[in-house]
Amino acid sequence: MPDQSPPPSLPPGSTIGILGGGQLGRMLALAAAELGLRAHIYAPEETSPAAEVASAATRAAYDDEAALIAFADTVDVVTYEFENVPGETARILSEHAPVRPGAKALMTSQDRLDEKNFLNALGIATAPFAAVDTLDDLKTALEKLGTPAVLKTRRLGYDGKGQVKIDQPDAAAAAFDAIAGAPAILEGFMPFEKEVSVIAARAQDGTSAAYDVGENVHRDHILHTTTVPAVIDPAIADNARAIAERIAHGLDYVGVIGVEFFVLNDGKQQTLCVNEFAPRVHNSGHWTSDACSVSQFEQHIRAVAGWPLGDPTRHCDAVMTNLIGTEVDDWQAHAHVSDRAIHLYGKHDARPGRKMGHITDLIHGFTKSE
Ligand code: AMP
């Protein structure tokens, strides 16, 4: 007989260890505090937005084995706010504390080739792709996939970094140089109508939940706005949420996952393909802090702490706008606007392209998305 008993929940007073000191770690730490839990941040930076609001902080490198063990021994579970946690770091930690989401999610999401193969094996559509290790591979892949196409490093790419669009086959060598010959994949360019994302969660007992679909607009490769609900066919919205939950189940996932999609439209109907997923809370889910009773941050803490998932129902429409670089200087003007929630991350240096905060406008009325 399988064990029918519910998984143990960490009681209030327990400590959640969080790798990474950015704004996502900060909002996770705040959500933990709301549930009577403590957060211990592990990050190499001297000051971090997350450490500022946490009960404890360790400043050490991700390859400092002694510091990792000391950290793991003081926490009840380890989670992370960025997906490029080195595999060795996760392995060391997992010998001393449970790490959630687990190794499968981390490994799969760190490599674009593994990620696409995993998705296709689940029957989930992605852009057509080919592995590229050499310039010859790239030329062959371009013959197969045609142009335009996008060359992306397999590892360590984010916000458009580590990727080059190739418009003509004779641009292959320059593109290969631009990614310094790193292991890569070539993706067919998807002429998408829009980009949407789903924030889903899976609990330790295997139950899952997905928030409504958000529609994302990027500027300079950085998320600019997320609008909820996305204006898409209701059946497509249902499908996007179901796909996100299928991915979570396929990864034996525990926690919140962000899944990004391209919406294609051939003039007759919309279809979906997955661009990528992130094994963590996601910028395009920030609207949940103000438009839902349980935010993505609380949902993640609930899941990794073995609590039941909260209800992801949205109680109004919302538009989240990132404040990038000096846009944060307008905080006072934002503070005059009613139904506008302001979230500032406490970062001191408003460098260009840096996420300094976000605002969420709550829209009166409610558009049913299904
Ligand atoms: P990524 O780092 O893979 O999320 O890509 C960043 C952005 O580049 C995406 O949000 C899209 O706007 C664009 N992009 C990435 N891959 C493709 C593709 N295969 N076809 C069209 N646009 C893409």
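Heads up: the structure comes first, above all this text.
As the structure is a computational prediction, the values presented were derived from the model and not from experiment.

Draft legend 1. Just the pattern of salt bridges, in detail. Summed over the entire model, instances satisfying the criterion amount to 17 salt bridges. The partner of R154 in a salt bridge is D111, and the shortest N-O contact between them spans 2.8 Å. Pair noted here: R154 is in the loop between strand 6 (149-153) and strand 7 (163-166) and D111 is in the loop between helix 4 (103-110) and helix 5 (112-121), with a separation of 43 residues, a long-range link. Both residues of the pair, R154 and D111, belong to the buried class. A salt bridge links K194 to E215, with the shortest nitrogen-to-oxygen separation between them at 3.2 Å. Separated by 21 residues along the polypeptide, K194 in strand 9 (residues 194-202) and E215 in strand 11 (residues 214-219) bring together distant segments of the chain. Of the two residues, K194 and E215, neither departs from the other in class, the shared state being buried. Each of the salt bridges in this network shares a partner with another, and the network as a whole consists of D212, R241, R314 and D317.

Draft legend 2. Focus on the packing of aromatic side chains. Across all of its chains, the model carries six aromatic pairs by this definition. Judged by centre distance (5.0 Å) and plane angle (0°), the ring pair of F192 and F262 falls under stacked. With a gap of 70 residues between them, F192 in the loop between strand 8 (184-188) and strand 9 and F262 in strand 13 (residues 255-265) connect regions that are remote in the sequence. F192 gets classed as partly exposed once you look at its relative accessible area, which sits at 34%. The class for F262 is buried, based on a relative accessible area of 9%. Pairwise contacts between aromatic rings join Y42, Y62, F71 and F82 into one cluster. For K165, the ring lying beneath its charged end belongs to F189, and the centroid distance is 4.7 Å.

Draft legend 3. Region of the structure containing the site of the ligand. Residues in contact with the ligand amount to 16 residues; listed here are only the nearest, K152, E187, M190, E195 and E276. One of the side-chain nitrogen or oxygen atoms of K152 is found 2.7 Å away from an oxygen atom of the ligand. When contributions to the shell around the ligand are tallied by element, the ones reaching two or more residues are strand 6, strand 8, strand 13 and strand 14 (270-278). For the shell around the ligand, the residue count by class is five nonpolar, five polar and six charged.

Draft legend 4. Region of interest: the pairing of strand 15 (residues 317-324). With seven of eight residues buried, strand 15 lies mostly within the body of the structure. In terms of strand pairing, strand 12 (residues 222-228) meets strand 15 through four bridges, oriented antiparallel. Directly across from T225, in strand 15, lies its bridge partner T321. Pairing of strand 15 with strand 17 (residues 355-363), which is carried by eight bridges, proceeds in the antiparallel orientation. Opposite M320, over in strand 17, you have T360 as the bridge partner.

About the thresholds
- Residues numbered from 1 in each chain as written.
- Predicted model: local features only at pLDDT ≥ 70, side-chain atom pairs only at ≥ 80, totals over all residues.
- Heavy atoms only, no water.
- Salt bridge = Lys/Arg side-chain N within 4 Å of Asp/Glu carboxyl O.
- Helix = DSSP H or I, 4+ residues; strand = E, 2+ residues; numbered from the N terminus.
- Buried < 20%, exposed > 50% of the residue type's maximum accessible area, 1.4 Å probe, protein only.
- Phe/Tyr/Trp six-rings, centres within 6.5 Å; stacked < 30°, edge-to-face > 60°.
- Lys NZ or Arg CZ within 6 Å of the ring centre and 35° of its normal.
- Near = heavy atom within 4 Å.
- Polar contact = N/O pair within 3.5 Å; in protein donor to acceptor, adjacent residues only side chain to side chain.
- Nonpolar A, V, L, I, M, F, W, Y, C, P; charged D, E, K, R; others polar.
- Pairing = 2+ DSSP bridges.

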